[in-house]
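Spelled out, the chains give:
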Amino acid sequence: MKRWILCLGLIFATVSTRCAGAQPGSELRFCIPSDPRTWNPLLVEDDASETIRYLTGGVLVRLNRQTQQLEPELATAWKVSRAGNAIRFTLRRNVRFSDGSAFTARDVAYTIAQLMDPALHSPTGDAFRAAPGKVITRIADPYQITIVFPAPVVGLAKLFDQVAMLSATSPQHERAVLGPYQVADYRAGSFVLLRRNPNYWKHDSAGRPLPYIESVRLDIEQNRDIELLRLTRGEIDLIGSLSPESYDRLSAKAAGMAVDAGVSLDSEQMWFNQAPGAPIAEYKKTWFRSTNFRRAVSASIHRDDIVRIVFHGHARPAVSWISPANRAWFDSKLAPHAFDRSDALRLLADDGFTLVNGVLHDRSGHAVEFSLVTNAGNTARERMAAMIQQDLAAIGIRVHVVTLDFSSLIERITRSLNYEACLLGLVNDDLDPNAQMNVWLSSGENHQWNPGEKKPATAWEAEIDRLMRAQAASLDAKKRKQDVDRVQEIVWQQEPFIYLVDKDALMAVSPNLHNVSPVALRPQVYWNIDWLWLSNSGSRRP
Amino acid sequence: MKTMRAVALVFLAAVLAASIAANWIAPASYARQFRDQPDAAPSAQHLLGTDDLGRDRFSRLLYGTRISLLLAPAAALMSTVLAGAIGGAAGFAGGWIEVCVTAATDLFLSLPWLFLLITVRACLPLNVSPVVSVAITFVLLGCLGWAAAARVVCADVRSFRNSDFVLLARASGAGGARLLMRHLVPNLAPVLAAQFWISIPVFILTEANLGILGLGVAEPLPSWGSLLRELESFSAYSAQPWLFAPLLLLVLTVSSFQIVLHNEEVAG
Amino acid sequence: MADLALSLAGGEPRPARAAVRKLARHLARILVVVLLGGFLGATLVRVAPGYGVDARELDSRLSAESLRAVRRAAAPREGLLPFYLHFCERLLHGDLGESRLLHMPVRQLVAERFPETAKSVGLGLALAWTAGLGLAAAAVMTCAGGVDLLAGLLASVLVCIPAAVLALLFVIMQAPERLAIGLILFPKVFQYARNLLADAAARPHVLAARARGAAGVRVFLRHILPGAAPQLLALGGVSVSMAFAAAIPVEALCDLPGIGQLAWQAAMGRDLALLVDLTMIVTLLTLLANSAADLAGLGRP
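Here the structure is a predicted model, which is why all the values come from computation and not from measurement.

Chemist: Give me the lowdown on the overall build of chain B, citing residues and values where you can.
Modeler: Across its full length, chain B carries 13 helices and zero strands. If you list the helices and strands of chain B from N to C, you get α-α-α-α-α-α-α-α-α-α-α-α-α. Over its C-alpha atoms, taken along the principal directions, chain B stretches across nearly 75 × 50 × 30 Å. Scored against the burial criterion, the 268 residues of chain B give a buried share of 51%.

Chemist: So what's going on with the interface of chain A and chain B? Which residues, and what values?
Modeler: Chain A puts 25 residues into the contact, and the matching count from chain B is 19 residues. For the side of chain A that touches chain B, the secondary-structure elements that each account for two or more residues are helix H7 (244-253), helix H10 (303-310), strand E16 (369-375), helix H12 (379-393) and strand E17 (398-404) of chain A. At six residues, H12 of chain A tops the list of elements feeding residues into the side of chain A that touches chain B. Partitioned by chemical class, the residues of the side of chain A that touches chain B number ten nonpolar, seven polar and eight charged.

Chemist: So, the confidence of the model for chain B: which residues are in play, and what are the values?
Modeler: All names here are of chain B. The share of residues in chain B with pLDDT of 70 or more is 93%, and the mean pLDDT across the chain is 84. When mean pLDDT is taken per element in chain B, helix H2 (residues 22-25) scores highest with 91 and helix H12 (residues 235-238) scores lowest with 60. Here the prediction assigns the complex a pTM of 0.86, and the interface score ipTM is 0.84.

Chemist: Before we move on, can you summarise the pairing of strand E6 (residues 136-141) of chain A with the specific residues and values?
Modeler: Residues and elements named next belong to chain A. Two strands pair when backbone bridges link them, and E6 and strand E7 (residues 144-148) are joined in this way by five bridges, in the antiparallel orientation. Residue threonine 137 lies in a different strand from E7, and its bridge partner there is isoleucine 147. The turn linking E6 back onto E7 is made up of two residues.

Chemist: If you had to explain the sheet that holds E7 of chain A to someone new, which residues and values would you point to?
Modeler: All names here are of chain A. Taken in spatial order, the four strands line up as E4-E5-E7-E6 in an open sheet, and their pairing is antiparallel. Each edge of the open sheet is held by one strand with a lone partner, namely strand E4 (75-80) and E6. Each strand axis lies, on average, 15 degrees off the axis of its neighbour in the sheet, ignoring direction.

Chemist: Let's hear about the interface of chain C and chain B: which residues, and what values?
Modeler: If you look at the interface, chain C gives 52 residues, while chain B gives 43 residues. For the side of chain C that touches chain B, the secondary-structure elements that each account for two or more residues are helix H2 (15-47), helix H6 (145-160), helix H7 (163-172), helix H8 (179-201), helix H10 (216-254) and helix H12 (272-299) of chain C.

Chemist: Now, about the environment of phenylalanine 103 of chain A: what can you tell me, with residues and values included?
Modeler: All names here are of chain A. Within the secondary structure layout, phenylalanine 103 lies in the loop between strand E5 (86-91) and helix H3 (105-115). Its 25 C-beta neighbours within 10 Å are what place phenylalanine 103 among the buried residues. Considered as a pair, phenylalanine 103 and leucine 193 are 90 residues apart in the sequence and their alpha carbons are 24 Å apart. Those residues in contact with phenylalanine 103 that sit more than four places away from it in its chain are Leu74, Val95, Arg96, Phe97, Met165 and Leu178.

Chemist: Could you give an account of the pairing of strand E1 (residues 27-32) of chain A, naming the residues involved and the relevant values?
Modeler: All names here are of chain A. The element E1 is largely enclosed, with a buried count of five among its six residues. Bridging between E1 and strand E10 (residues 215-220) involves six bridges; their strand directions are parallel. Directly across from glutamate 27, in E10, lies its bridge partner serine 215.

Chemist: Can you tell me about unusual backbone geometry, naming the residues and giving the values?
Modeler: Residues and elements named next belong to chain A. Note the cis peptide between arginine 522 and proline 523, where omega equals -5 degrees. Relative to the elements of secondary structure, proline 523 occurs in the loop between strand E20 (513-514) and strand E21 (533-534). Here the phi dihedral of asparagine 515 falls at roughly 70 degrees; this positive angle occurs in a residue that is not glycine. As for its position among the elements, asparagine 515 is in the loop between E20 and E21. A count of 17 C-beta atoms within 10 Å places asparagine 515 in the partly exposed class.

Chemist: Account for helix H11 (residues 259-269) of chain C, naming residues and giving values.
Modeler: Given 3.6 residues per helical turn, the α-helix brings residues three or four places apart onto the same face. All names here are of chain C. The buried fraction of H11 is high, at nine of eleven residues. Buried within H11 are the following residues: Ile259, Gly260, Gln261, Leu262, Ala263, Gln265, Ala266, Ala267 and Gly269. Trailing H11 by a residue or two, arginine 270 shows a phi angle of about 50 degrees, which is positive.

Chemist: Please set out the packing of helix H5 (residues 106-141) of chain C against H11 of chain C residue by residue, giving values where relevant.
Modeler: Describing two packed helices takes the angle between their axes plus the distance from one axis to the other. Residue and element names in this part refer to chain C. One can describe the packing of H5 onto H11 by two numbers: an axis separation of 7 Å at closest approach and a directional angle of 125 degrees. Comparing the axis directions of H5 and H11 gives the class oblique. Between H5, through Leu109, Arg113, Phe114 and Thr117, and H11, the contact on the second element is made entirely by Ile259, Gly260 and Leu262.

Chemist: Account for the nonpolar core, naming residues and giving values.
Modeler: In terms of nonpolar packing, the biggest core is built from 274 residues, with Leu372 of chain A together with Ala167, Leu185, Val189, Leu197, Ala243 and Val250 of chain C touching the most fellow members. Ranked by the residues each element gives to this core, the list is headed by H10 of chain C, at 18 residues. The residues that make up this core include at least three from each of domain 1 (2-30 + 98-296) and domain 2 (49-95) of chain C. Apart from residues no more than four positions distant in its own chain, leucine 197 of chain C is found in contact with Ala136, Ala137, Val140, Ile224 and Ala228 of chain C. Formed by 47 residues, the second largest nonpolar core is a distinct cluster that contains Ile213, Leu238, Ala325 and Leu521 of chain A.

Chemist: Outline helix H11 (residues 341-350) of chain A, supporting the account with residue identities and numerical values.
Modeler: Residues and elements named next belong to chain A. When H11 is considered as a whole, its buried residues turn out to be Ala344, Leu345, Leu347 and Leu348. Projected down its long axis, H11 shows its buried positions confined to an angular sector of 160 degrees, all on one face. Looking at H11, the residues exposed on the side facing more than 90 degrees away from the buried face are Ser342 and Asp350. Immediately downstream of H11, the backbone of glycine 352 shows phi near 90 degrees, a positive value.

Definitions and limits used
- Residues numbered from 1 in each chain as written.
- Chains lettered and ligands numbered in written order.
- Predicted model: local features only at pLDDT ≥ 70, side-chain atom pairs only at ≥ 80, totals over all residues.
- Helix = DSSP H or I, 4+ residues; strand = E, 2+ residues; numbered from the N terminus.
- Buried ≥ 20, exposed ≤ 12 C-beta atoms within 10 Å, placed from the backbone.
- Contact = placed C-beta atoms within 7 Å.
- Nonpolar A, V, L, I, M, F, W, Y, C, P; charged D, E, K, R; others polar.
- pLDDT = per-residue confidence, 0-100.
- Pairing = 2+ DSSP bridges.
- Axes fitted to C-alpha atoms, helices over the stretch in contact; angles between N-to-C directions.
- Parallel < 35°, antiparallel > 145°, perpendicular 65-115°, else oblique.
- Core = buried A, V, L, I, M, F, W, Y, C linked by C-beta atoms within 7 Å.
- Domains from an automatic or database assignment.
- Arc of directions from axis to C-beta.

Dropping the structure here:
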């Protein structure tokens, strides 16, 4: 607790001394990649809706993106039960929704009831669903509430960072918000305008209402190049995610605007299709199921070259499924797989593969070749695929690179399973490894290399199942860490996913925007939106 | 104009010869990645510099020319023939046939053919070679690109059919086949020439855009379309003017085609 | 169509009634083609891979039950024909359905975005036809080959530049991006128009008029333009659908909130209701433009 108080105190002090130039009526502008798919904060899944939820939603506790620690928001205190299945919140008093209605424990109970409604299919709600059963809320008084889950939920308090409170009584439904902003205008395909919530509860040390910025205009802009151009022209104030090329271009033009916040949680990986029912040749399935084959492919990929050429140095060779950005869970004992062609050929020889006239053949004489699908339009992935193609050609493997539109790609990797290898990225917002249960449990639908296994196909998958279930049921942080470390080691050894790189969080911030502390976790730039302010030194196109 | 035609013919011949002889002329394989020199500026080793993966741009341009210069005109010819045949038949026959064909053409112009292309990609094995894939793409473009021209051809033939000149020819005993071959086909030349000329660059660019569906040329094979896609980045407008080399070559090639065709018409 | 033109020109004893009857028949034909267009569009979308999938399926937070619900919502079990019949039934009541992707009524989406595209397409067509026909006329009428060569070169350059690059250039120059549609159409209009006008200018009666010393403008307006009019009118009709096709990349790349951007989003997200509606709208506009061009061509004396 002391840590966050110190942190907040520092921010208060900085703002108090520096925000004399803050402009009433100021407007922060930045771009979102698409129209928001939903206005319901409980159903948020896409980036645009997530942005709006972060800026408008009031949460009981907030994960400080910088310290990665929880901080009080609408709840002044909270306590998780010993059994790990219940949490008691003490709510802040005199808080009102944007429509003026009072915020009480009834609203929390209503939000939880909505969130856990099985018919809603909320991804935020699913994260709380450790076991089937009803969630019970007990209201002790208007400012005390206990939520009881049917089974222990690991990392329970942190999950509330994603739960924006709804009003139980407001006729405005989800439009009545508790966050710093409320939706004022929306034009499909064009922009979303947020205005300051007049009833927002936070004030600075001088008693001035927060946030300092009066409104936020979110322009819907898909084209990353145009977004960068608009930033350099002063039409927008920040870019949350820059490509490495854009970062370098901006650095050359205006060094102070480009920010590399270090390695992020996002990774790029490839995997082979090991599903028994996949409509691909049996001999290929045999290759893909071989640990030696996968490790040989992994050892033949020059990750350092990918980092240098594709990501212009703004990435790191990946180790396993948890990024080093996740300080609490990353297994620091592991190192990225080294590029070693001779080791790759040795591993292949152990499996009976032979290199004849520069072409690799398996025991049955089949020339080794496979197709690698990835989503079209993602330049970085297209380049990575071309580099993998050349790297594997050096050990006699022919790779056919196929780019597909995203819908066709999803159809292939989730339904028809008609593909051989896939190159894709994982966008991860959640620090807790429990959020990836559906990926690592062999029965999970997102267990991409062999989805929905009736029983684990291999001994190491059975071990991962056991470890992941154990960590999900344990409230002992140390034991959980041991289990998750072991899973990272197994994945490092077996390489069902061949992790290639962990990308850096690259962003751009206008010099007119103050109090910015870019971080690797989303939302990287405006995570402390309450405290940001704009100076009027820059000119903005009307 | 004769000089221009000669220059255009020489240029086309040179481009064709260079693309055929790419194996001998190109300083490197189109796929070879000089990873220590990505995005390099032009030099003695790399005449047009290297791309973002360090591949020699000049070599890629030569090999890309071979693909595009062979397949795009073939597809353009296919669409031109289809436009002439369908539009011509509708306009010449008149009546219900014309009504049905024009309605079908209008429908053809409006349907989201993107999904047909996606379906075709799904029917092909993923391991299909890049050359086969790009050839299929151009065949599809040839099959789908006729409708607009057919509309104009139909109007042309309709006006031809109703002209006094045809009535006179018919009255003097000229048969349908004679009318068709001696008078109608030459009459369609302006529209068909325009269709052919327009289709070549349009198909080259469409092929590049179809990469998004997994059709079109696949890595590492280059095509003019894939090289032109590099211009869709801002870097082309700042410090890398040599990225415009494929565009210049395409413009000169298309203009040369146009000059040659124009002179053919004049001569005809 | 020929009958209709004849009746409109007053060739029958009771022209008004006959014209109304034939107009009704013509409209009925348009209706049938539009409905057929909608059905074929729906078929293409339903058959194509990627229909019925949702990017949310890759969200590892979703439980198995939620994942099944997402899949059910993305791909309704209703067959193609029942879907289309229900769709048409709703259409009769003015309901265009709801966009699965944007969670909004299609009617609202189209109403909001159509003016944007209409403006883009109108401006693009005006630019393309003014420049294309003007330069084609200049190329045909002036004896100097320089105009022809320069105009041809300009058309060559523009037809070779990818639409995305043209749109990007407009963004860099801070010019209205919708003008890019005009530049995309210009080479097509110019090339067809130049060839057609050149063909018409080489006809014997035009040569005779010129030989008699008729003024250039008079020859162009009285002899050359009427000679190429049917084809140019057909080109005019076709250029409307070409303009809508050009609006898709320009709007999608420049984030102009029009029908083109919507069509691209719908195609990438396999939004069936939205795609069928857009196909029907584009079919209707294409038919109306082409029919108007046909009627204008046939109605000429």
